[in-house]
Amino acid sequence: MTGSIAVLLIILAAVVLFGVVGTVVVVIRDGRGQVPEEKSERPWTAGNLPSLPYSLLRF
């Protein structure tokens, strides 16, 4: 009975280790949370309708 519990704990530890290593690899490949650069294009307009909500417009 104790042998089966030990095997189960070893398998559980391997799964946890695999999950932690996988998470670290994904975070490093993602760029460590860097956000993309802002676009230098002007916002679009359709007639007198702005591309941003009126509360965010700065005149």
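Predicted model only: the values in this text are computed from it and were never measured. (Residues numbered from 1 in each chain as written. Predicted model: local features only at pLDDT ≥ 70, side-chain atom pairs only at ≥ 80, totals over all residues. Heavy atoms only, no water.)

### Some remarks on the overall build of the protein
To keep things clear, this is the line we draw: Put simply, DSSP marks the helices as runs of H or I at least four residues long and the strands as runs of E at least two long, and each gets a number from the N terminus on. When a residue's accessible area, from a 1.4 Å probe over protein chains only, is under 20% of the maximum for its type it is buried; when over 50% it is exposed; and in between it is partly exposed. Accessible surface area values rest on a Shrake-Rupley calculation with a 1.4 Å probe, where residue burial reflects the displayed protein chains alone.
A count of helical and extended segments in the protein gives one helix and zero strands. The buried share of the protein, taken over its 59 residues, is 0%. Accessible area of the protein: about 6200 Å², with a carbon and sulfur share of 67%.

### Re a nonpolar patch on the surface
Rules: Like-charged residues within 9 Å of one another, or nonpolar side chains (Val, Leu, Ile, Met, Phe, Trp, Tyr) within 5 Å, are grouped into patches, provided each residue has over 30% relative accessible area and no salt bridge. For this document, the term salt bridge refers to a Lys or Arg side-chain nitrogen within 4 Å of an Asp or Glu carboxyl oxygen.
Together, Ile5, Leu9, Leu12, Val16, Val20, Val24 and Ile28 make up an exposed nonpolar region whose accessible area comes to about 630 Å². Tracing the backbone through its elements, the reader meets Leu9 in helix H1 (residues 2–30).

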